[in-house]
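Fold and contact review
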Amino acid sequence: MSIIDFMRVKKVCIIFGGKSVEHEISIISANSILNNINKTKYKIFGIYITKDGVFCEATPSINRKSSEYKFKISRQKIVLLSNQKNKNLLILKGSKIEAKINIDVFFPIIHGTGGEDGSIQGLLELVNKPYVGCGVESSSICMNKILSKKLVSQQSIPTTAFHSFGKEEWRTSESSLIRKILEDIGLPCFVKASNLGSSVGIYRVATTKELKSRIKDGFKFANELLVEEAVLQPEEVEVSILEKNNIITTVPGRIIPSDEFYSYKAKYIDGKSEIEIPYQRASSNPALMKRIKILSSKVFTVLQCSGMARIDFLYGRTTRKKKPALYFSEINTIPGFTEISMFPKLLNNEGITLEATIEALIKNSESKQRKKEKLVTDFL
Ligand SMILES: Nc1ncnc2c1ncn2[C@@H]1O[C@H](COP(=O)(O)OP(=O)(O)O)[C@@H](O)[C@H]1O
Ligand SMILES: [Mg+2]
């Protein structure tokens, strides 16, 4: 790297929106990154993916009165990604190429489907430029609640008891599956679509009748379902991880949902859920604090994450285990970056600003790319 290369302003492209139930949250996360990124070091470009999957140009604009930045979306300008050297982003107006730009780092901030599941990461692999966050395999495994739970539980990280099955197995073996669920998991339990987010396709079930009907509902959202033991009146515990030279694991925070569980309504609609930082039970119990941190970094390593993740646990008792315990619940590889999101709040509590977080993520993506480029790809 030459000194000129080192000093020049880098072009960072934020990719947001997407064909996901979390589309609107992604827009807020993208604007939050735009407002907090160091603009003397980085020049910002944007790709907005519409709800139908069209890639459009998004450009930063500033409100002179409030000094707030916001992405302005041009739906008539289509963006193409290419792996040609020095012009990996093409902007089209009609059939005419209006601009050719060379982006240095891509920053995908699409939560859920299409953004957090390895799809966009696969596209960026082919563009052959650094991109922020987890790679293809890690993203898709982390997004899949069945695969991630299977891998994590194999490494003695505690999870609640669970079973998974597909549509075909349900069609041919409904009664034996119900029997197995009642025997091994019991009621109440949770029925979950394997790969969504925002509590979509997630049901708390208390009776056998409800179990059957919710499994049918779940199959409207996914071809594979997970049924797991419920933690009773759980404490919802979240930890942020950031790779900044080495892996930083924050102290945990707790979400106190406003609904029976942390449902879509409690997450986004009524605005009444509360956040406790740090998680009080862990603050007054050093052994629990240590355990939460160790388990979080273990999950991050086992699932081969890079850059960042938010790791969620549930603490409480279950019908079968009366003693309260900590259970790994899920991992989010593109967590919310909004003002009220737990991910930046937990880092902030450690003295790491959103600006420093963004900087660390960009640096991490560059070092990951350098390591990738050193690998042998042609041995003949
Ligand atoms: N086993 C469980 N016991 C108790 N509550 C649960 C359990 N699994 C999920 N929940 C509740 O459902 C919410 C959403 O489930 P989660 O697996 O985190 O899905 P999502 O990816 O949609 O956030 C959790 O935040 C929690 O409130
Ligand atoms: Mg969750």
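Scroll up for the structure.
The following refers to the structure shown. As the structure is a computational prediction, the values presented were derived from the model and not from experiment.

1. Remarks on helix α5 (residues 145-154)
Listed as buried for α5 are Lys145, Ile146, Ser148, Lys149 and Val152. Seen from one end, α5 has its buried residues packed into an arc of 170°, which puts them on one side. Its side-chain oxygen at 2.9 Å from the backbone nitrogen of Ile146, Asn144 defines the N-terminal cap of α5. Positive phi shows up at Ser156, right after α5, with a value of about 55°.

2. So, the site of ligand 1
Taken together, the neighbourhood of ligand 1 is formed by 19 residues, with Lys145, Ser199, Glu228, Glu236 and Lys267 sitting nearest. At 2.8 Å from an oxygen atom of ligand 1 is found a main-chain nitrogen or oxygen belonging to Tyr262. Coverage of ligand 1 by the protein chains reaches 96% of its 550 Å² of free accessible surface. Secondary structure elements with two or more residues in the shell around ligand 1: β9 (189-193), β11 (224-229) and β12 (232-244). Looking at the shell around ligand 1 residue by residue, the classes come out as 9 nonpolar, 3 polar and 7 charged. The residue makeup of the shell around ligand 1 includes at least three contributed by each of domain 2 (142-157 + 231-366) and domain 3 (162-229).

3. Comments concerning the sheet that holds β9
Read across the sheet, 4 strands follow the order β8-β11-β9-β10 without closing on themselves; strand pairing throughout is antiparallel. Single-partner strands in this sheet number two, and they are β8 (162-166) and β10 (202-205). On average, each strand axis in the sheet is tilted by 20° relative to the strand beside it, whichever way the strands run. Contacts from α5 reach β8, β9, β10 and β11, with the element oriented near 50° to β11.

4. Things to note about the state of the cysteines
Here the structure, examined in full by the defined rule, presents 0 disulfides. Cys56 supplies the cysteine sulfur nearest to Cys13, a cysteine that is in no disulfide, at a spacing of 12 Å. For Cys13, a relative accessible area of 0% puts it in the buried group.

5. Brief notes about unusual backbone geometry
Each neighbour pair has its own omega, and for Leu187 with Pro188 the value is -5°, a cis peptide bond. Checked against the element boundaries, Pro188 lands in the loop between α6 (167-184) and β9. A cis amide bond links Ile277 with the next residue in sequence, Pro278, at an omega value of -10°. Looking at where Pro278 falls in the secondary structure, it is placed in the loop between β15 (274-276) and α9 (280-283).

Cut-offs used in this document
Residues numbered from 1 in each chain as written. Chains lettered and ligands numbered in written order. Predicted model: local features only at pLDDT ≥ 70, side-chain atom pairs only at ≥ 80, totals over all residues. Heavy atoms only, no water. Buried < 20%, exposed > 50% of the residue type's maximum accessible area, 1.4 Å probe, protein only. Helix = DSSP H or I, 4+ residues; strand = E, 2+ residues; numbered from the N terminus. Arc of directions from axis to C-beta. Polar contact = N/O pair within 3.5 Å; in protein donor to acceptor, adjacent residues only side chain to side chain. Near = heavy atom within 4 Å. Areas by Shrake-Rupley, 256 points an atom, 1.4 Å probe, with all protein chains shown as cover. Nonpolar A, V, L, I, M, F, W, Y, C, P; charged D, E, K, R; others polar. Domains from an automatic or database assignment. Pairing = 2+ DSSP bridges. Axes fitted to C-alpha atoms, helices over the stretch in contact; angles between N-to-C directions. Contact = heavy atoms within 4.5 Å. Disulfide = S-S within 2.5 Å.

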